[in-house]
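This is what each chain is made of:
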Amino acid sequence: MQDGQEARDAGKMGPVLASGSSRQREPLELDGAGLLIDIGLGPRQLARRLQEIGSDWQRIRGVVLTHTHSDHWSARSLARLAELRVPFFCHAEHLRPLNRQCPEFQSLQFCRVGKDIHSGADF
Ligand SMILES: [Zn+2]
């Protein structure tokens with residue numbers, strides 16, 4: 001799903017790693033560490049795309065979710081984050097819908113990899 005505001009916001013967030021049915025941008029590089037915005041691809045496809053741009057999971061220090069539309073996150077990739085212990089940041093208001101839709105998100109919270117962000121607070 002993509003409304004007008006989302007399309008405008010997406011333009012500010014760097015190159016696209018994949019589009020179409022799954023939203024996935026290239027990682028932002030901050031001091032050599034990668035930050036993924038959304039995690040719409042499945043784990044194997046995501047690993048392949050990262051490799052294609054000379055990156056990999058070792059370089060990814062965190063994943064930030066923009067919003068909870070189902071094309072912005074993959075349950076299997078959330079499970080992968082839990083295995084790799086890569087922090088996943090989402091807004092506090094995302095917790096309830098993700099918990100409802102996604103058992104993998106619950107396990108991510110259980111192993112304390114899931115973190116919620118509050119507007120105006122440090123992250
Ligand atoms: Zn969306």
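To be clear, the structure that these remarks concern was listed above.
In what follows, the accompanying structure is described. No experiment lies behind these values; they were computed from the predicted model shown. (Residues numbered from 1 in each chain as written. Predicted model: local features only at pLDDT ≥ 70, side-chain atom pairs only at ≥ 80, totals over all residues.)

**With respect to the pairing of strand β6 (residues 88-91)**
Argument step 1. Because side chains alternate across β6, one face comprises the buried residues Phe88 and Cys90, and the other comprises Phe89 and His91, none of which is buried.
Argument step 2. Where strand β5 (residues 60-64) and β6 come together, two bridges link them in parallel fashion. Counted as the bridge partner of valine 64 is phenylalanine 89 from β6.
Argument step 3. Handedness of the β5-helix α3 (residues 75-84)-β6 crossover: right-handed. (Buried ≥ 20, exposed ≤ 12 C-beta atoms within 10 Å, placed from the backbone. Helix = DSSP H or I, 4+ residues; strand = E, 2+ residues; numbered from the N terminus. Pairing = 2+ DSSP bridges. Right-handed = clockwise from strand over helix to strand, strands pointing away.)

**Let's talk about the environment of aspartate 116**
Argument step 1. On the secondary structure map, aspartate 116 appears in strand β7 (residues 114-117).
Argument step 2. Taking the C-alpha atoms as reference, aspartate 116 lies 9.9 Å from leucine 65; in sequence the two are 51 residues apart.
Argument step 3. Setting aside residues no more than four positions away along its own chain, aspartate 116 makes contact with Cys90, His91, Ala92 and Leu95. (Contact = placed C-beta atoms within 7 Å.)

**A few points about the pairing of strand β4 (residues 33-37)**
Argument step 1. As defined by bridge partners, strand β3 (residues 28-30) adjoins β4 across three bridges and the pair is classed as antiparallel. Residue pairing in the sheet places leucine 28 in a bridge with leucine 35 of β4.
Argument step 2. Hairpin connection, β3 to β4: the antiparallel pair is bridged by two residues, and aspartate 31 has positive phi, about 50 degrees.
Argument step 3. Pairing between β4 and β5: four bridges, direction parallel. Within β5, the position partnered with leucine 36 by the bridge is valine 63.
Argument step 4. Read as a crossover between parallel neighbours, the route from β4 over helix α2 (residues 43-52) to β5 is right-handed.

**A short note on the packing of α3 against helix α5 (residues 103-110)**
The description of two helices packed together rests on the angle between their axes and the distance between the axes.
Argument step 1. Orientation of α3 relative to α5, taken along the N-to-C sense of each, is 15 degrees, at an axis distance of 8 Å. One finds that α3 runs roughly parallel with respect to α5. For the element pair α3 and α5, the recorded crossing hand is left-handed. When α3 is examined against α5, the residues Ala75, Leu78, Ala79, Leu81 and Ala82 are found in contact with a partner set consisting of Glu104, Phe105, Ser107 and Leu108.
Argument step 2. Residue composition of the contact of α3 with α5, by class: seven nonpolar, one polar and one charged. (Axes fitted to C-alpha atoms, helices over the stretch in contact; angles between N-to-C directions. Parallel < 35°, antiparallel > 145°, perpendicular 65-115°, else oblique. Left-handed = near helix turned anticlockwise from the far one by under 90°. Nonpolar A, V, L, I, M, F, W, Y, C, P; charged D, E, K, R; others polar.)

**Side note on the nonpolar core**
Argument step 1. By size, the foremost hydrophobic cluster in this structure holds 16 residues, and its most contacted members are Val63, Leu78, Leu81, Phe88 and Leu108.
Argument step 2. Among the secondary structure elements, those contributing two or more residues to this core are β4, β5, α3, β6 and α5.
Argument step 3. The dominant element in this core, judged by the number of residues it contributes, is α3, at three residues.
Argument step 4. Setting aside anything within four residues of it in sequence, one finds valine 63 in contact with Leu36, Ile39, Leu81, Val86, Phe88 and Phe89. (Core = buried A, V, L, I, M, F, W, Y, C linked by C-beta atoms within 7 Å.)

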